[in-house]
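Observations on the model geometry
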Amino acid sequence: MIDRSQFNAEDFLVDSTFQQYCAGTDKLCIEYWEKYTKAHPAQAQTIAEAKRLYVILSGNKRALNQQVEALETQINPEIKPVKLRKLLWLKVAAAIVLIAGGSYFYLRPSSGSLNKQTATARIFTTCSGERKKITLPDGSTVLLNAKSSLSIGAEFNQKYREVVLKGEAYFDVIHNKNKPFKVYTTDFNINVLGTAFNVKAYPDEISSEATLIRGLITMEALNGQGGIITLKPSQKVTVYRTLPAKEKAKVLKPMAPHPEITINHYTLIKDSTIVETAWTQNRIEIYDQDFDQIKAVLEKWYNIEIRFKSPEVEKYRFTATFSHETLNQALEALQKVEYFKYEIKGNQVIISK
């Protein structure tokens, strides 16, 4: 029997029966929670707050349509609403729950000035090997990783708090219950109240992921697989892309099968370092990964292009930490674990057996 007497609003929000009560989709859940509320008047205010948060985080079609129209005039006339999709339920562990419904759209912002008084937008960008800290108008901070871009509207924090991310960023969001913070990527959208989380969504990689460090976020994948997933601290959702036929033809070796969405915990190593966010401390943490898996990390970190001449080498597995090492030092360290040859020509690194 679950003791809900000490629940706060977020605890109610991640209860699947409470979500169905808020959505009005299950008669038994509605009856149960109506009786519960009457029997626990001391929690009435907390339950009301949880219902309000559900409405904010799950979205409202009418409000979203109005929001799209407003953003069209404020950011770019090219903003295009995406058709609502029928969302499928994703069965996950008990700690992960789904909120039914919701809508989404994809933004294509234009560049401009950050000044809140102007009517233009701002795009922050980083090059390979570069990281940039950004303080947004609401006081939230964003650490932008290499080869990434973050776009915000000119009226950010006035009517809404919304950003568009391409690449990777660590967000530390100021709490504002009246203005949820939204992150849009090409693979998923995230709704936030006040929290810290990492988003990795590079267009040239086969997957995107969101990792929650503290607080509460909801995440909606745009591939039609699953509803709105609610994450609690230490959880990570990975969304795998389906490669177009032309791209599949370019892949020389068959890719291992995988589900379209996976839910796991972040990787915590012995000194309490979180592998997924180690880059924010100017470190690369490689933990039992294939050479092929760490290829993209090394390329962005050192501004290089890696080409393998041997499929066998791609499957070499490594665990390592790099911070101030040069490219040669990093490769030499990896050679001590699994021997391979490498040749550097300009910004291209050719690796062979």
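Description of the structure in this document. No experiment lies behind these values; they were computed from the predicted model shown. (Residues numbered from 1 in each chain as written. Predicted model: local features only at pLDDT ≥ 70, side-chain atom pairs only at ≥ 80, totals over all residues. Heavy atoms only, no water.)

Attention shifts here to the nonpolar core. Core analysis: the biggest nonpolar cluster contains 30 residues, and Leu-136, Leu-150, Val-163, Phe-171, Phe-181, Ile-190 and Phe-197 have the highest contact counts within it. With 4 residues, the top contributor of residues to this core is strand S8 (residues 161–172). Here Phe-171 is in contact with Thr-141, Val-142, Leu-150, Val-163, Leu-165, Phe-181, Val-183, Thr-195, Ala-196, Phe-197 and Val-199, once residues within four sequence places are set aside. (Core = buried A, V, L, I, M, F, W, Y, C linked by side-chain atoms within 4.5 Å. Buried < 20%, exposed > 50% of the residue type's maximum accessible area, 1.4 Å probe, protein only. Helix = DSSP H or I, 4+ residues; strand = E, 2+ residues; numbered from the N terminus. Contact = heavy atoms within 4.5 Å.)

Attention shifts here to the sheet that holds strand S20 (residues 341–345). Taking strand neighbours across the sheet as the criterion, the 3 strands line up as S18-S21-S20 in an open arrangement whose pairing is mixed. Two strands close off the open sheet at either side, each with one partner strand: strand S18 (305–308) and S20. When strand polarity is set aside, the average angle formed by the axes of neighbouring strands in this sheet is 20°. As paired elements, S18 and strand S21 (residues 348–352) share 4 bridges and run parallel to each other. Within the sheet, the bridge partner assigned to Glu-305 lies in S21 and is Gln-348. Taken strand by strand, helix H7 (residues 291–302) contacts S18 and S21, and its axis lies near 160° from that of S18. Docked against the sheet, helix H9 (residues 327–335) engages S20 and S21, running at close to 165° with respect to S20. (Pairing = 2+ DSSP bridges. Axes fitted to C-alpha atoms, helices over the stretch in contact; angles between N-to-C directions.)

Time to look at the environment of Gln-43. Along the chain, the position of Gln-43 falls in the loop between helix H3 (27–39) and helix H4 (44–58). Judged by its relative accessible area of 8%, Gln-43 falls in the buried class. Sequence separation between Gln-43 and Ser-5 is 38 residues; the distance between their C-alpha atoms is 7.7 Å. Each residue touching Gln-43, except ones within four places of it in the same chain, is listed here: Arg-4, Ser-5, Gln-6, Phe-7, Phe-12 and Tyr-36. One polar contact links Gln-43 to Tyr-36, side chain to side chain, over a distance of 2.7 Å. (Polar contact = N/O pair within 3.5 Å; in protein donor to acceptor, adjacent residues only side chain to side chain.)

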